[in-house]
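An overview of the molecular structure
Residue-level listing of the chains:
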Amino acid sequence: MPNDIFSALADPTRRRILEMLADNEEFPASQIHDQFEVSPQAISQHLKILLEAKLILVEKRAQQRIYRINTATMVEFEDWSRNMRRRWSQRLDTFEAVMKSEIAKAAKTPNDSEESR
């Protein structure tokens, strides 16, 4: 998983652009710009970063640039995320089993204060 994806997703404006594209099959650049109170150049820079991270695709139609989510990259990212969640779940399950074992051992062993009497 390229770090570029995480850098791209770190910015709230870029996340909002992705959310907009997820809610719509495609969006012209002009309509994306209209959703924000920053300059069109700033939004263009955000779109460029999303393109470089391969999170979105662009299609030129006459004078317009039409953006859409790159589903292949999103599926790859989702698969990676699911794999990481599975790994952490396994580690936490192992940790839980060890803790239960230690608690059970401690319950069976008389505590030190009773032994010193």
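Reading guide: rules and limits
Residues numbered from 1 in each chain as written. Predicted model: local features only at pLDDT ≥ 70, side-chain atom pairs only at ≥ 80, totals over all residues. Heavy atoms only, no water. Salt bridge = Lys/Arg side-chain N within 4 Å of Asp/Glu carboxyl O. Helix = DSSP H or I, 4+ residues; strand = E, 2+ residues; numbered from the N terminus. Buried < 20%, exposed > 50% of the residue type's maximum accessible area, 1.4 Å probe, protein only. Core = buried A, V, L, I, M, F, W, Y, C linked by side-chain atoms within 4.5 Å. Pairing = 2+ DSSP bridges. Contact = heavy atoms within 4.5 Å.

Take the pattern of salt bridges next. One pass over the full model with this rule turns up 9 salt bridges. With a shortest N-O distance of 2.9 Å, Arg61 and Glu26 are connected by a salt bridge. Here the residue Arg61 occupies a position in strand β2 (residues 56-61), and Glu26 occupies one in the loop between α2 (12-23) and β1 (27-28), the gap between them amounting to 35 residues. For Glu26, a relative accessible area of 28% corresponds to the partly exposed category. When the shortest N-O distance is used, the salt bridge between Arg82 and Glu78 registers 3.2 Å. Placement of the pair is Arg82 and Glu78 together in helix α5 (residues 71-108), with a separation of 4 residues, close to one helical turn. By sharing partners, the salt bridges in this structure join Glu26, Glu59, Arg61 and Arg68 into a single network.

Time to look at the environment of Phe6. Among the secondary structure elements, Phe6 is positioned in helix α1 (residues 3-9). Residue Phe6 is classed as partly exposed on the basis of its relative accessible area of 34%. Taking the C-alpha atoms as reference points, Phe6 and Ala53, separated by 47 residues in sequence, lie 8.7 Å from one another.

Among the nonpolar cores identified, the biggest contains 20 residues, and Ile17, Leu21, Ile32 and Leu55 are the most heavily contacted of them. Those elements that place two or more of their residues in this core are α1, α2, α3 (29-34), α4 (40-52) and β3 (64-69). At 4 residues, the largest contribution of residues to this core is made by α2.

Our focus in this paragraph is the pairing of β2. Two strands pair when backbone bridges link them, and β2 and β3 are joined in this way by 6 bridges, in the antiparallel orientation. Residue pairing across strands places Val58 opposite Tyr67, the latter belonging to β3. Joining the antiparallel neighbours β2 and β3 is a turn of 2 residues, in which Ala62 adopts a positive phi near 55°.

Looking now at the side chain of His33. Along the chain, His33 falls in helix α3. When its relative accessible area of 17% is taken as the criterion, His33 is described as buried. When near neighbours in sequence (up to four residues on either side) are disregarded, His33 contacts Pro40, Ile43, Ser44 and Leu47.

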